[in-house]
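Structural features, examined
Here's the letter readout for the chains.
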Amino acid sequence: MATYQAPVNDFKFLLHEFIDLQRYSNLPGFADATPDLVDAILEEGAKFFEEQLVPLNAVGDHEGCTRHEDGSVTTPTGFKEAYQAYVEAGWGGLTADPDYGGQGLPHVLGFAVSEMASSANMAFSMYPGLTHGAYEALHKWGTDEQKQAYLPKLVSGEWTGTMNLTEPHCGTDLGLMRTKAEPQDDGSYSISGQKIFISAGEHDMSENIIHLVLAKIPGGPDGIKGVSLFIVPKFLLDENGDPGERNGVVCGSIEEKMGIHGNSTCVLNYDNAKGWLIGDAHKGMRAMFTMMNAARLGVGIQGLSQASAAYQNAVIYANDRIQGRSLTGVKAKDKAADPIIVHPDIRRMLLKQKAFIEGARALALWTGLMIDFAEKHPDPEEKAKADDFAAFITPVVKAYLTDMGFECTVDAMQIYGGHGFIREWGMEQFVRDARITQIYEGANGIQALDLVGRKLPEGMGRLMRRFFHPVDAFIQDNMGDPQMSEFVMPMAKAFARLQSLTAELGPKMMSNPDEAGAASTDYLRCVALVAIGFMWAQIAKKAQEKLAEGANGNTAFYETKLETARFYMARMLPDVHAHAAKAGAGASTLMKLDAEAFTAT
């Protein structure tokens, strides 16, 4: 069975040294995030998730969720008890507003805890993860009355939340939805329709489930402009604000999925269910995007988390499994063969995983810090810069961390050879669970198109410059440092190629919109590779500084960081040039064939 140990030391390095949280103690919530408290949260989180959730990961995969005749759903053995322990420990309120019972700690710390939870048990972590997304949408767009009614229970975890977008006939194109919301005399709406792929849509772990549902009010504008967002609780609240009468929403079935079996992914049928408008009528997507953007970053972390868990197991196996002899001579003389970690191709796969995971983790936490700045920074200009950066990087985090997360789980399984294909080892579960992350919360092709078609031109390139400027400044500041040349020079070349590609794309996209779609995926990967390279260059600089100071007994840790950074610069960052060549190849190579030419002959 697969195992997982939270990378607490890496989180401590990133939060205390790389990001240096104490620099921002003047911001709300950061003053409370003292080094001692941060360390305690990381250590207690690691203990909780390793002990409570890791043992249930295979259980959830094997058992799945069970729907009963009345539409109720039972979660896998142990899930309900583990969730109650999660609620009692207060993990759900870590970054939430203290006015509603939260602890108000920085989002960057919440991102670290989220990765640990998802690595331990991705299917389980989706229940509180979606709840936090519902909290975010209500916190920003709900009325004071709605906030008082729902937020305290969502923050505590006593109630859970969902996001209801997709319908059988429409996924990304939400303007096609058919779910209706008929106005009622008491100010509520009667919601009728069907939603599919609703994660955590029905279960037995909380007292109530608060569905956030997209629907159309009759007589509104056509398409996406006519969509509104509604609160539709599973149980209507009584005069005391407690769950009372059952609402008109029921689970019609549970989807039979490739992975994440421990999460109940439901078809939900709404039959004159009572709901209440969130925000303005016909402005539902504006409110839903608050939840969707939070979810997209969360899904990016899910991709990273599955890579991290799979990598850990692959490292253990590569050191234990003996097969063949090293090409440079026997390494384990007391054994019949050498451990497979001596073989260069095994090292290639392991180092690719390690370099991606640690670099992507830094990027995810950096993004969390920018979200904190956008929400809490007192300087309006810094606030705007951070908000722009987060908007630009969100589709990159979602798409690249999930694409590479899946690729890394496949490589980890490959290291096991035939055993990786066998269920009892647990590796194939990581592959199956990781695969959905490339699809839900907006398929990765949509993320790439969002980056190129919307984020890149927005504000005449303003969002893009929020990313480009700090990268350029770092390169310029460190270009003359001989110790940094092996990290800065590859970065400078890759960044220059990204800049030239960006300049090339603008005129092409203006003349032919298909150019944006044709270049989008490769362009996003160029941005991602440079972004993670930027993280690794900064990590290398910090590691050099710590080694020069004596490393406080952690010499091996910092030297390993430097070697991994070298691998990234030599073996992964050069992919920028290949992706740039493909992005620049033009739309005609994709669009010239007639649709009929794709049929089998």
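The structure under discussion appears in the preceding block.
The notes below deal with the structure included here. Only a predicted model underlies this, so the values are computations on that prediction, with no experimental measurement involved.

Cut-off values and rules
- Residues numbered from 1 in each chain as written.
- Predicted model: local features only at pLDDT ≥ 70, side-chain atom pairs only at ≥ 80, totals over all residues.
- Heavy atoms only, no water.
- Buried < 20%, exposed > 50% of the residue type's maximum accessible area, 1.4 Å probe, protein only.
- Helix = DSSP H or I, 4+ residues; strand = E, 2+ residues; numbered from the N terminus.
- Arc of directions from axis to C-beta.
- Contact = heavy atoms within 4.5 Å.
- 1 Å grid on protein atoms, 1.4 Å probe; cavity = no way out; pocket = protein on both sides within 12 Å on 5 of 7 lines; lining within 4 Å.
- Points joined across faces, edges and corners; volume = space filled by probe spheres on them.
- Nonpolar A, V, L, I, M, F, W, Y, C, P; charged D, E, K, R; others polar.
- Axes fitted to C-alpha atoms, helices over the stretch in contact; angles between N-to-C directions.
- Parallel < 35°, antiparallel > 145°, perpendicular 65-115°, else oblique.
- Left-handed = near helix turned anticlockwise from the far one by under 90°.
- Core = buried A, V, L, I, M, F, W, Y, C linked by side-chain atoms within 4.5 Å.
- Salt bridge = Lys/Arg side-chain N within 4 Å of Asp/Glu carboxyl O.
- Pairing = 2+ DSSP bridges.
- Expected span 1.5 Å × (residues − 1).
- Bend = angle between axes of the 7 residues up to and from the residue.

**Considerations on helix H3 (residues 79-89)**
Because an α-helix packs 3.6 residues into every turn, residues spaced three or four apart end up facing the same way. Listed as buried for H3 are Phe79, Ala82, Tyr83, Tyr86 and Val87. Buried positions in H3, seen along its axis, are confined to an arc of 140° and lie on one side of it. Away from its buried face, by an angle of more than 90 degrees, H3 presents the exposed residues Glu81 and Glu88. Tucked into the core, H3 has its buried residues touching helix H2 (35-63), helix H5 (122-141), helix H6 (144-156) and strand S3 (159-164). Positioned one or two residues after H3, Gly90 has a phi angle of 80°, which is positive.

**Describing empty space enclosed by the protein**
Taken as a whole and judged by the stated rule, the model has one cavity of 30 Å³ or more. Leu56, Asn57, Gly60, Asp61, Phe79, Asn121, Ala123, Ile260, His261, Gly262, Gln429 and Asp433 together form the lining of the largest cavity. Only H2 and helix H10 (427-435) provide two or more residues apiece to the lining of the largest cavity. With four residues, H2 is the largest single contributor of residues to the lining of the largest cavity. Tallied by class, residues from the lining of the largest cavity come to four nonpolar, six polar and two charged.

**Some remarks on the packing of helix H9 (residues 380-415) against helix H11 (residues 444-455)**
Orientation of H9 relative to H11, taken along the N-to-C sense of each, is 155°, at an axis distance of 9 Å. Comparing the axis directions of H9 and H11 gives the class roughly antiparallel. At the point where H9 passes H11, the crossing takes the left-handed sense. Between H9 and H11, the residues in contact are Ala391, Phe392, Pro395, Val396, Lys398, Ala399, Thr402 and Asp403 and Asn444, Gln447, Asp450, Leu451 and Lys455, respectively. Looking at the contact of H9 with H11, its residues break down into six nonpolar, three polar and four charged.

**Notes on the nonpolar core**
One finds Phe49, Phe356, Phe467 and Tyr523 to be the most contacted residues of the largest nonpolar core, which totals 162 residues. Leave out the neighbours within four places in its chain, and Phe49 touches Val54, Tyr86, Trp91, Val113, Met116, Ala117 and Ala120. Listed in part, the 28 residues of the second largest apolar core include Ala96, Met285, Met292 and Ala295.

**Concerning the environment of Asn9**
In this fold, Asn9 is placed in helix H1 (residues 8-18). Separated by 18 residues in sequence, Asn9 and Leu27 have C-alpha atoms that sit 25 Å apart.

**Regarding the layout of surface pockets**
Here the second largest pocket is characterised by a volume of approximately 660 Å³. Taken together, 25 residues form the lining of the second largest pocket, with Trp366, Met370, Pro470, Phe534 and Gln538 sitting closest to its centre. Of all the secondary structure elements, the ones that give two or more residues to the lining of the second largest pocket are H1, helix H8 (344-376), H9, helix H12 (462-478) and helix H14 (514-548). In terms of residue count, the dominant contributor to the lining of the second largest pocket is H12 (six residues).

**A closer look at the pattern of salt bridges**
Taken as a whole and judged by the stated rule, the model has 31 salt bridges. Lys274 is the salt-bridge partner of Asp186, the closest N and O atoms lying 3.1 Å from each other. Of this pair, Asp186 sits in the loop between strand S4 (180-183) and strand S5 (189-199) while Lys274 sits in strand S11 (residues 265-278); the two residues are 88 residues apart in sequence, bridging distant segments of the chain. For Arg466, the salt bridge is made with Asp388, and the minimal N-O distance between the two is 2.9 Å. Here Asp388 lies in helix H9 and Arg466 lies in helix H12, a separation of 78 residues in the sequence. A residue is classified by how much of its surface remains accessible, and Arg466, at 24% relative accessible area, is partly exposed. Ionic contacts of the salt-bridge type, sharing partners, join the residues Asp10, Glu115, Lys354, Glu358, Arg361 and Lys561 into one network.

**Observations concerning the packing of H1 against helix H15 (residues 555-572)**
Taken N-terminus to C-terminus, the directions of H1 and H15 make an angle of 80°; their axes are 12 Å apart at the nearest point. One way to sum up the angle between H1 and H15 is to call them roughly perpendicular. Together, Asn9, Asp10, Phe13 and Glu17 of H1 and Phe557, Tyr558 and Lys561 of H15 make up the contact between the two elements. A class-by-class count of the residues in the contact of H1 with H15 yields three nonpolar, one polar and three charged.

**Describing unusual backbone geometry**
In the Ramachandran plot, Ile260 falls in the positive-phi region, its phi being about 40° despite a non-glycine side chain. As for its position among the elements, Ile260 is in the loop between strand S10 (249-254) and S11. The phi angle at Asn272 is positive, at roughly 55°, despite the residue not being glycine. Tracing the backbone shows Asn272 in strand S11.

**Points about the pairing of S3**
With respect to burial, S3 is a largely interior element, six of its six residues being buried. The side-chain alternation of S3 yields two buried faces, one formed by Trp159, Gly161 and Met163 and the other by Thr160, Thr162 and Asn164.

**Thoughts on the side chain of Asp372**
Within the element layout of this structure, Asp372 appears in helix H8. Among all residues touching Asp372, those that are not within four sequence positions of it are Phe30, Pro106, His107, Val108 and His377.

**Points about the pairing of strand S7 (residues 227-233)**
Residues in a regular strand project their side chains so that they alternate between the two faces of the sheet. Most of S7 sits out of view: seven of its seven residues are buried. Alignment of strand S6 (residues 208-216) against S7, held across seven bridges, turns out to be antiparallel. Across the sheet, the residue bridging to Val213 is Phe230, located in S7. Bridging between S7 and S11 involves three bridges; their strand directions are antiparallel. Opposite Leu229, over in S11, you have Ile278 as the bridge partner.

**Things to note about H2**
Taking 1.5 Å of rise per residue, 29 residues should cover 42 Å, and H2 covers 40 Å from first to last C-alpha, within 8% of that figure. The largest bend in H2 amounts to roughly 35° and is located at Leu53, with the proline Pro55 lying one to four residues further along. Where H2 ends, the next residue or the one after it, Gly64, has phi of about 65°, a positive value.

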